[in-house]
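# A structural walkthrough
What follows is each chain in one-letter form.
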Amino acid sequence: MTPEGSSSEQSQFKSWRQALADKRLTHDQLAVLEKMVQDGEADSIEAAAARLDWQDTVINPEEHMYGF
């Protein structure tokens with residue numbers, strides 16, 4: 001499940017993990033990762049960032065939009 005607005009936020013960087021490591025995430029972007037940890041979707045902020053990177057490689061945005 002990709003957080004709402006993540007595609008436009010992520011357009012500023014190619015990798016959530018790299019942006020996290022480089023301390024380039026905004027407060028809102030960090031909050032997305034923290035929420036994923038709180039909701040049990042990831043064990044750590046780093047794992048949440050890795051999951052978002054993985055989802056962006058697996059989900060074809062056009063296919064996802066049309067439900068294919």
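Here's a quick rundown of the structure.

## A word on the overall build of the protein
- When helices and strands are counted, the protein shows 5 helices and 0 strands.
- When the elements of the protein are put in sequence order from the N terminus, they spell out α-α-α-α-α.
- Out of the 68 residues in the protein, the part that is buried amounts to 28%.
- Partitioning the contacts of the protein with sequence separation of at least 6, the portion at a separation of at least 24 is 42%.
- As displayed, the protein has an accessible area near 5000 Å², and 52% of this comes from carbon and sulfur atoms.

## Considerations on the packing of aromatic side chains
- Counted under the stated rule, the structure contains 1 aromatic pair.
- Measuring from centroid to centroid gives 5.3 Å for Phe13 and Trp16, while their planes differ by 85°, and the two rings are edge-to-face. Like Trp16, Phe13 is buried.

## So, the environment of Lys35
- Mapped onto the elements of the fold, Lys35 is located in helix H3 (residues 27-38).
- Using a relative accessible area of 46% as the deciding quantity, one classes Lys35 as partly exposed.

## As for the side chain of Gln29
- By secondary structure assignment, the location of Gln29 is in helix H3.
- Looking at Gln29, the relative accessible area reads 1%, which means it is buried.
- From its side chain, Gln29 meets the backbone nitrogen of Thr26 in a polar contact 2.7 Å long.

## Points about unusual backbone geometry
- We note that Lys23 has phi near 60°; this positive angle belongs to a residue other than glycine.
- Here Lys23 falls in the exposed class, since its relative accessible area comes to 75%.

## Topic: H3
- Along its 12 residues, H3 runs 16 Å from first to last C-alpha, staying within 8% of the 16 Å computed at 1.5 Å per residue.
- Among all positions of H3, only Gln29, Val32, Leu33 and Met36 are buried. All buried residues of H3 lie within an arc of 90° about the axis, which places them on one face of the element. Turned more than 90 degrees away from the buried face of H3, the exposed residues are His27, Asp28 and Gln38.
- One or two residues past the end of H3 sits Gly40, with phi positive at roughly 80°.

Analysis parameters
Residues numbered from 1 in each chain as written. Predicted model: local features only at pLDDT ≥ 70, side-chain atom pairs only at ≥ 80, totals over all residues. Heavy atoms only, no water. Helix = DSSP H or I, 4+ residues; strand = E, 2+ residues; numbered from the N terminus. Buried < 20%, exposed > 50% of the residue type's maximum accessible area, 1.4 Å probe, protein only. Contact = heavy atoms within 4.5 Å. Areas by Shrake-Rupley, 256 points an atom, 1.4 Å probe, with all protein chains shown as cover. Phe/Tyr/Trp six-rings, centres within 6.5 Å; stacked < 30°, edge-to-face > 60°. Polar contact = N/O pair within 3.5 Å; in protein donor to acceptor, adjacent residues only side chain to side chain. Expected span 1.5 Å × (residues − 1). Arc of directions from axis to C-beta.

Don't take any of this as a statement about function, it's just geometry.
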